[in-house]
Amino acid sequence: MPTALTLNDDLTLNVPTDPIIPFIEGDGIGIDIWPAAQAVFDAAVEKCFDGKNKVNWLQVAAGEKSFNDTGEWLPDATIEAFKKYLVGIKGPLTTPVGGGIRSLNVAIRQILDLYVCLRPVKYFNGVPSPVNNPQDVDMVIFRENTEDIYAGLEVEFNTSESAQLIEYLHDQFGWEIRADSGIGIKPVSETGSKRLIRAALKFAVDRNRRNVSLVHKGNIQKYTEGAFMRWGYDLVRDEFSDTCISWEDCGGDPGGKILVQDMIADNAFQQTLLRPGDYDVLATCNLNGDYLSDALAAQVGGIGIAPGGNINYVTGHGVFEATHGTAPKYAGQNKVNPGSVILSGVLMFEHLGWFDVASMIISSLEKTIEDKIVTYDFARAMEGATEVSTSDFAKAMIDRM
Ligand code: NAP
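Thresholds, definitions, all that
- Numbers given for residues are sequential positions, taken from 1 along each chain in its written order.
- Residue-level local features of this predicted model are given only where pLDDT is at least 70; pairs of side-chain atoms are given and counted only at 80 or more, and the full residue set underlies all totals for whole chains, interfaces and linings.
- The side-chain figures draw on all heavy atoms in the structure; neither hydrogens nor water molecules are used.
- To obtain an axis, a line is fitted to C-alpha atoms, over the contacting stretch when the element is a helix, and the angle between two such axes runs from 0 to 180 degrees between their N-to-C directions.
- By definition, any uninterrupted DSSP run of H or I lasting at least four residues is a helix, any uninterrupted run of E lasting at least two residues is a strand, and each is numbered from the N terminus.
- Note that the term roughly parallel is reserved for angles under 35 degrees, roughly antiparallel for angles over 145, roughly perpendicular for angles of 65 to 115, and oblique for everything else.
- Should the near helix be turned anticlockwise from the far one by less than a right angle, the crossing is termed left-handed; should it be turned clockwise, right-handed.
- In this analysis, two residues are considered to be in contact whenever any of their non-hydrogen atoms come within 4.5 Å of each other.
- We call Asp, Glu, Lys and Arg charged. Ala, Val, Leu, Ile, Met, Phe, Trp, Tyr, Cys and Pro are nonpolar, and the rest, Gly among them, are polar.
- When a residue's accessible area, from a 1.4 Å probe over protein chains only, is under 20% of the maximum for its type it is buried; when over 50% it is exposed; and in between it is partly exposed.
- Pairing between strands is defined by DSSP: at least two bridges between the two strands are required.
- Cavity: a set of points on a 1 Å grid over the protein atoms alone where a 1.4 Å probe fits but cannot get out. Pocket: an open set with protein on both sides within 12 Å along at least five of seven lines, its lining residues, like those of a cavity, having an atom within 4 Å of a point.
- Grid points are joined across faces, edges and corners, and a volume is the space filled by probe spheres set on the points.

**Student:** Would you explain the packing of helix 12 (residues 355-370) against helix 14 (residues 390-399) in this entry?
**Tutor:** Packed helices, taken two at a time, are described by the angle their axes make and the gap between the axes. Viewed as axis vectors pointing N to C, helix 12 and helix 14 meet at an angle of 115°, and their least axial separation amounts to 8 Å. Relative to helix 14, the element helix 12 lies roughly perpendicular. Along this stretch, helix 12 crosses helix 14, giving a crossing that reads as right-handed. Residue-level contacts link Ile 361, Ser 364, Leu 365, Thr 368 and Ile 369 of helix 12 to Phe 393, Ala 396 and Met 397 of helix 14. Along the lines of polarity and charge, the residues of the contact of helix 12 with helix 14 split into 6 nonpolar, 2 polar and no charged.

Quick look at the structure:
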């Protein structure tokens, strides 16, 4: 009998042998990449558990396809399924143009309060890269997912709302803001920052990582990004002192503990490009994390292969997703790279604690790329590559498990 995941009292997941996992195929190239990814997932689970475990995939609707069929971009039943079954996975979704939901991805994150955006950035041998030593890149970004300038608290220029706000800020704070300004509010809370940084520190401890960098722009934005850094250091002292130590408490010599340091965001872009091997787990506010995730992904093959997960470690909810869009010009051509959604599945299996399944998928992906069997996006940047379709890439991976 297929069963739902449940959350234990210690906030770990109780995973049955036959979990029900909801998935959204996705719009555009979702039709190409999802079946390929599902074949890879099923083969790895079957091989790792000798057929004793099986994922029961439950298709749920969202996006353009859902809108055309039901008139709803994000049906309640889909959210209820993600709530009930705790963990799910999705392909890319078309963003509705004009009115209603600003972005379906943001809506799912907000409704389920998925406060961590997890973006690992790791090099796989043979992937075309624009940098000299991509093999040094192995970082994991924890991006805050609910606050910052992304909270959606904005007013348009030349409206009564912006005029009221400008007047209020002038009267109450003496702030001078040009009359024709649009205004956005950037909330960064102690609660939001600490739960994000706590997840990053716990990940570093559980996965034996070397260091955690708090990336911020606190030299300019002192009470938001600067506070994010200070709350991070407080957390190290208050909750992680047996396993982690801050730079200021050890002068750079952590003595066997995990070193927690901080980096100004602009410098972080330079350092992680020039000396990626020095950096490991990165914790950031929302906007910096958005930029940094794609910039680092470019070092190791770009968005065709970059995975992502949105997680609430307190409720156990997680929605894992391809980080690229729907690439409509390629939809239905069986052409694009399924790597992003496949590696998002790897994150999902790690979240479930099925680490052998995750490792098998990663090593089969590595072997396939090392054998120069790749989709068009990598083939155009690799010499001597054999270009294959989306489904044949998945078959080649399964052959190498
Ligand atoms: P996009 O769909 O990510 O496509 C941009 C380009 O990235 C493609 O033309 C292609 O490059 C490359 N690409 C994307 N996915 C690939 C894959 N699997 N394999 C190989 N190459 C891939 O971005 P967009 O055109 O800006 O957005 C299209 C739609 O997607 C919009 O409606 C947008 O709102 C939505 N979107 C959704 C998500 C999401 O659901 N997570 C994220 C971003 C955008 P080449 O042309 O060079 O081959």
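**Student:** What is the right way to look at the pairing of strand 10 (residues 211-216) in this model?
**Tutor:** On a regular strand, each side chain points to the face opposite its neighbour's, so the side chains alternate between the two faces of the sheet. For strand 10, a buried count of 6 out of 6 residues is recorded, marking the element as mostly surrounded by other parts of the structure. Alternating residues of strand 10 divide into Asn 211, Ser 213 and Val 215 and Val 212, Leu 214 and His 216, and every residue in both groups is buried. As paired elements, strand 10 and strand 12 (residues 258-264) share 6 bridges and run parallel to each other. Across the sheet, residue Ser 213 finds its bridge partner in strand 12, namely Gln 261. Note that strand 10 and strand 13 (residues 281-284) share 4 bridges and pair parallel. Looking across to strand 13, one finds that Val 215 is bridged to Thr 284.

**Student:** What is the right way to read empty space enclosed by the protein from this model?
**Tutor:** Any empty space left between atoms is shown by rolling a water-sized probe over those atoms. Scanning all chains against the criterion turns up 1 cavity of 30 Å³ or more. Considered as a void within the structure, the largest cavity measures approximately 30 Å³ in volume. Lining the largest cavity we find Lys 90, Asn 105, Ile 108, Arg 109, Asn 310, Val 319 and Glu 321. Elements represented by at least two residues in the lining of the largest cavity include exactly helix 4 (104-111) and strand 15 (318-322). No other element matches the 3 residues that helix 4 contributes to the lining of the largest cavity. Of the residues belonging to the lining of the largest cavity, the class tally is 2 nonpolar, 2 polar and 3 charged.

**Student:** Before we go on, may I ask you to explain the sheet that holds strand 10 in this structure?
**Tutor:** Strands in a sheet are paired, the pairing made by backbone hydrogen bonds, and the direction either parallel or antiparallel. Spatial ordering of the open sheet is given by 4-3-5-15-14-6-7-13-10-12-11, a layout of 11 strands whose pairing is mixed. At either margin of the open sheet sits one strand with a lone partner, and together these are strand 4 (56-59) and strand 11 (244-246). Neighbour to neighbour, the strand axes of the sheet diverge by 25° on average, direction disregarded. Examined bridge by bridge, strand 3 (residues 20-24) and strand 5 (residues 87-90) share 2 bridges and lie parallel to one another. Counted as the bridge partner of Ile 24 is Lys 90 from strand 5. Docked against the sheet, helix 6 (residues 190-206) engages strand 6 (116-122), strand 7 (138-144), strand 10, strand 11, strand 12 and strand 13, running at close to 160° with respect to strand 7.

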